[in-house]
Structure formats: C-alpha cells, structure tokens
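Notes for the structure review
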Amino acid sequence: MNTKGIALFVLLSFTLVSLASCNQTKSEEDRNAKPQENKIEIGVIFDSFLIERWQRDRDAFVTKAQNELGANVNIQNANGDVKEQEQLINYFIGKKVDVLVIVPIDCEAITKAVKRAKEAGIKVIAYDRLIKEANVDLYITFDNIKVGQLMGKTMSEHLNTNETVFMMCGPTTDNNVSLVGKGFLQEIEKNKLQVVETKNASGWLAESGYEDINEYLNANKSVNGIMCGNDGLAGQVITALSEHQLAGKVCVVGQDADLDACQRIVEGTQTMTVYKPFSKLADLAASYAIKLAKGEELPVNKTFSDGKYSVPYVGLEPIAITKENMNMVIDDGFHLKEDIYMNVK
C-alpha cells in the first residue's frame with residue numbers, strides 16, 4: 001500500500017471510531033435524560049360570550065391557569081346551545097383532558113354527559129352554575145342567595161311598605177335563578193313589598209326584559225320596582241321604562257356590574273347592581289383545577305347538594321354597588337372612571 005493509501009485508511013478508521021463514540025455518548029444521554037413532564041390539560045366550556053362577564057372570566061382563567069401556572073387551556077363556546085355543550089363535553093373526553101370546567105346552560109340537561117366525563121377519569125368543575133345530580137368534583141360560584149338578598153335590601157330601602165315589584169328573572173334552567181329569587185324574596189317580604197308579576201327570560205335573552213315590561217306597562221299597570229336577573233335584562237327594562245317616561249322613577253336592580261349598568265347607575269336610571277369580582281372566582285377555579293389534576297386535596301370545607309350528592313362548594317361574597325360606592329369597581333380596575341362617567345358632567 002502506498003503512502004497516500006495508508007493515510008486515507010488511517011483517516012477513515014479515525015472517523016468511524018469517532019462516530020461510534022459520539023453515537024454511544026448520545027445514546028447514554030438519551031437514556032439518562034429525564035422524560036419531559038407533560039402539561040396539565042384543562043378544557044373550559046362557556047355558555048355564551050354574548051354576556052359581557054363571561055369574556056372577563058375567560059381572560060382571567062387563561063391568565064392564571066396557562067400564563068402563571070403553566071397548564072394548557074382549551075376554551076370552547078357553546079353559543080347558548082345545550083346540544084352543542086354536550087358535544088363539546090364529548091370532544092374533551094376524546095381529547096383526554098385532565099380537568100373540565102363548565103359553565104352549564106341547563107343545570108340538568110348535561111348531567112349524563114358530565115357523568116361520562118367523570119367515568120373517563122376527568123375531574124369536573126361546575127363554574128358559577130350548579131350541574132344537578134352529576135357529583136362534580138367542585139362547584140365554585142358566588143353566594144347566589146346573598147346576591148338576591150342584596151337586591152332585595154336595596155329595593156326595600158327605596159320603596160315604601162306594600163309598594164309593587166316586578167321580577168324579571170333569568171331562565172328556570174339556570175339553578176342560580178331560583179337561589180337569587182329566594183334571597184330577594186326573603187328581603188322584600190320584611191318590608192311587605194308586593195310582587196305583582198314574575199317573568200323568566202329564556203336563554204337569558206335580554207330583549208325579553210323589554211318585551212315583558214312593555215307589555216305590562218301597555219296594559220296600564222303600575223310598578224314601583226323591577227328586579228332584573230342580570231344587567232343585560234336591566235338595560236332592556238330601562239329602555240321600555242324610557243318609552244313610558246318612567247326611567248329614573250322606578251327602582252331597578254340587576255347584577256354583574258356591566259359597564260353600561262354602572263353608567264346607568266351614575267346617570268340615575270338604574271338603582272344598583274351586584275358586583276361579583278370575577279377575577280377572584282376565575283383565579284381560584286384555575287388554582288383548584290391544577291390541584292385536582294395533580295390529585296391534591298382541595299382546601300374546601302363546605303358542601304352543596306346537587307339534588308343527589310353533596311359536592312365540594314365555594315361561594316364567594318358579592319358586593320352591592322350604587323352611586324355612592326361606585327369607586328369600588330374603579331379601584332378594582334374593573335372599569336375606568338372616565339368610561340363610567342362619560343355621560344355625566
């Protein structure tokens with residue numbers, strides 16, 4: 001073999017030995033490397049984003065669960081359709097998420113679907129609204145009886161004994177509606193206020209507030225106060241009152257502290273709203289979702305009957321907001337002062 005051949009042979013041999021050494025080292029590194037920890041998967045199904053507050057809950061939940069706690073969050077919108085919500089539950093079962101957070105449209109219609117999710121090993125949180133007879137792992141909301149009591153207390157403070165009240169409530173399929181109504185009646189009965197009519201807005205359709213109140217007033221019936229299931233209904237109720245030149249003359253109460261409701265309060269056409277610090281609810285629900293996914297015990301010592309089971313329950317405190325304490329929602333950063341007072345000199 002000539003000199004060039006010997007040199008080429010040595011070079012090839014060295015190269016092969018080096019490659020073998022590198023492959024062995026890489027193989028050892030692969031074996032010794034810790035497997036990458038899989039992220040917790042959380043599915044969230046909202047009722048509908050037509051209601052302002054659900055957009056706030058969504059953003060706060062994602063910020064806490066995904067941006068701060070490192071989970072993967074998949075947000076879905078049922079658009080107010082119960083069948084769509086059932087299909088989304090099945091979708092998340094197929095995705096094998098760790099935790100499913102649901103704002104139910106109907107407190108009973110999705111029970112079977114929720115049970116299937118639990119049978120698949122998925123932890124379930126009923127967010128803001130109860131899911132009946134589903135034995136969820138957590139029901140987290142605001143104290144809805146207290147919400148009604150705050151409405152009733154304000155109504156009693158503004159009306160005289162035996163004056164009349166119209167109850168413009170949300171849908172009967174929402175379990176919170178009956179709880180809010182219960183609290184409201186407890187308070188107004190103390191002042192002997194008279195409920196002249198009760199209506200329920202199917203699917204929380206705000207326009208129902210306008211239609212029902214307008215029909216009532218067109219029949220030449222009088223009313224001193226109107227209790228509205230949320231601020232969306234209150235807005236439509238006040239539109240009807242305006243057409244009858246009664247805006248500001250009738251005590252109107254609502255809940256959710258929507259921006260337009262806060263504007264109406266400082267303008268004098270709505271008397272109060274119930275403020276529920278949604279970011280606190282969303283933050284806590286996100287934290288508990290992570291704990292459930294990890295198999296950790298929740299620091300919850302209260303239960304709530306879903307009609308069949310006693311489920312872990314958290315009920316946060318709501319706050320009554322009137323013209324006098326509007327600074328509370330401003331200080332919380334919930335709304336800007338200039339937005340609330342934009343129509344007030």
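What counts and what doesn't
- Position labels on residues start from 1 in each chain and follow its written sequence.
- Residue-level local features of this predicted model are given only where pLDDT is at least 70; pairs of side-chain atoms are given and counted only at 80 or more, and the full residue set underlies all totals for whole chains, interfaces and linings.
- Remark: hydrogens and water are excluded; side-chain values derive from all non-hydrogen atoms of the structure.
- Only strands joined by at least two bridges in the DSSP assignment are considered to pair.
- Put simply, DSSP marks the helices as runs of H or I at least four residues long and the strands as runs of E at least two long, and each gets a number from the N terminus on.
- Every axis in this analysis is a line fitted to C-alpha atoms, fitted for helices over the stretch in contact. Angles between the N-to-C directions lie between 0 and 180 degrees.
- Only heavy atoms matter for contacts: two residues are in contact if any of them lie within 4.5 Å across the pair.
- We call a residue buried when its accessible area falls under 20% of the maximum for its residue type, exposed when it is over 50%, and partly exposed in between, using a 1.4 Å probe and counting protein chains only.
- Within 3.5 Å is the distance limit for a polar contact, defined as a pair of N or O atoms, with the added protein rule that one can donate a hydrogen and the other accept it, and that residues adjacent in sequence qualify only through two side-chain atoms.
- Buriedness of a pocket was judged along seven lines, with at least five required to meet protein on both sides within 12 Å; pockets are open sets of points on a 1 Å grid over the protein atoms alone, cavities are sets where a 1.4 Å probe fits but cannot get out, and lining residues have an atom within 4 Å of a point.
- Grid points are joined across faces, edges and corners, and a volume is the space filled by probe spheres set on the points.
- Nonpolar core, defined: a set of buried Ala, Val, Leu, Ile, Met, Phe, Trp, Tyr and Cys residues in which side-chain atoms within 4.5 Å join the residues together.
- Expected span, for any helix, means 1.5 Å times one less than how many residues it has.
- When residues are sorted by character, Ala, Val, Leu, Ile, Met, Phe, Trp, Tyr, Cys and Pro go into the nonpolar class, Asp, Glu, Lys and Arg into the charged class, and all the rest, Gly among them, into the polar class.
- A side-chain nitrogen of Lys or Arg and a carboxyl oxygen of Asp or Glu constitute a salt bridge if their distance falls within 4 Å.

This next bit is on the sheet that holds strand 6 (residues 164-169). Reading across the sheet, the six strands line up as 7-6-8-9-10-13 and stay open at both edges, with mixed pairing between neighbours. In this open sheet, the two strands that pair with only one neighbour each are strand 7 (194-200) and strand 13 (319-321). On average, adjacent strands in this sheet sit at an angle of 20° to one another, irrespective of strand direction. In the sheet, strand 8 (residues 225-228) pairs with strand 9 (residues 251-255) via three bridges, with the strands oriented parallel. Paired with Gly225 across the bridge in strand 9 is Cys251. Seen against the sheet, helix 7 (residues 207-218) touches strand 6, strand 7 and strand 8 and runs at an angle of roughly 150° to strand 6.

The next point concerns the sheet that holds strand 12 (residues 310-316). Strand pairs in the sheet, formed through backbone hydrogen bonds, run parallel or antiparallel to each other. Spatial ordering of the open sheet is given by 2-1-3-4-5-12-11, a layout of seven strands whose pairing is mixed. A single partner strand is all that each edge strand has here, and the edge strands are strand 2 (72-77) and strand 11 (303-305). Taken over all neighbouring pairs, the strand axes of this sheet differ in orientation by 25° on average, direction set aside. Summarising the sheet, strand 4 (residues 123-127) and strand 5 (residues 138-142) pair through three bridges and their orientation is parallel. Residue pairing for strand 5: Tyr127 is matched across the bridge by Ile140. The sheet strands contacting helix 2 (residues 52-68) are strand 1 (41-46), strand 2, strand 3 (99-102) and strand 4, and the helix crosses strand 2 at an angle near 165°. Of the strands in this sheet, strand 1, strand 3, strand 4, strand 5 and strand 12 touch helix 10 (residues 278-293), which is tilted by about 170° from strand 4.

Below, the discussion takes up the environment of Asp98. Inspection of the secondary structure assignment puts Asp98 in the loop between helix 3 (82-95) and strand 3. By relative accessible area, Asp98 is classed as partly exposed at 30%. A C-alpha to C-alpha distance of 9.7 Å links Asp98 and Lys39, two positions 59 residues apart in sequence. Each residue touching Asp98, except ones within four places of it in the same chain, is listed here: Lys39, Ile40, Glu41, Ile122, Lys123 and Ala293. From its side chain, Asp98 meets the backbone nitrogen of Glu41 in a polar contact 2.7 Å long.

So, about the layout of surface pockets. If a probe as big as a water molecule is rolled over the atoms, it shows which places are left empty. By volume, the largest pocket is sized at about 520 Å³. Leu50, Ile51, Gly203, Trp204 and Leu205 are, among the 24 residues lining the largest pocket, the residues nearest its centre. Elements supplying a minimum of two residues to the lining of the largest pocket: helix 8 (231-243) and helix 9 (259-267). Per-element tally for the lining of the largest pocket: the top contributor is helix 8, with four residues.

Moving on, we get to the nonpolar core. Counting residues in hydrophobic clusters, the biggest one holds 78 residues, and the most contacted among them are Ile42, Phe61, Tyr127, Met151, Met155, Ile226 and Met227. Ignoring anything within four residues of it in the chain, the contact list for Met151 reads Val180, Phe184, Met227, Cys228, Val253, Gly254, Gln255, Met272 and Val274. Grouped together as the second largest cluster of nonpolar side chains are 24 residues, Ile45, Ile110, Ile122 and Ala134 included.

All right, on to helix 6 (residues 175-188) then. Here helix 6 contains 14 residues, and its C-alpha end-to-end distance of 21 Å stays within 8% of the 20 Å for a straight helix at 1.5 Å per residue. With 10 of 14 residues buried, helix 6 is to be regarded as a mostly interior element. Every buried residue of helix 6 is listed here: Asn175, Asn176, Val177, Leu179, Val180, Gly181, Gly183, Phe184, Glu187 and Ile188. Its side-chain oxygen at 2.9 Å from the backbone nitrogen of Asn176, Asp174 defines the N-terminal cap of helix 6.

For the coordinates displayed, the defined rule picks out one cavity of 30 Å³ or more. Here the largest cavity defines a volume of roughly 200 Å³. Along the wall of the largest cavity there are 20 residues; nearest its centre are Asp174, Trp204, Gly229, Gln255 and Lys276. Tallying contributions element by element places helix 6 first for the lining of the largest cavity, with four residues. When its residues are assigned to classes, the lining of the largest cavity shows seven nonpolar, seven polar and six charged.

Moving on, we come to the pattern of salt bridges. Evaluation of the coordinates by the stated rule reveals 14 salt bridges. Here Glu187 and Lys190 are joined by a salt bridge, their closest N and O atoms 3.1 Å apart. For Glu187, a relative accessible area of 15% puts it in the buried group. Residue class for Lys190 comes out exposed when judged on its relative accessible area of 64%. The shortest N-O distance in the salt bridge between Asp256 and Lys276 comes to 3.4 Å. With Asp256 in the loop between strand 9 and helix 9 and Lys276 in the loop between strand 10 (272-275) and helix 10, this pair connects stretches of sequence that are 20 residues apart. Just as Asp256 is buried, Lys276 falls in that class too. Residues joined in a network through salt bridges with shared partners are Asp47, Arg129 and Asp174.

Without other data, these values stay purely geometric and don't point to any function.
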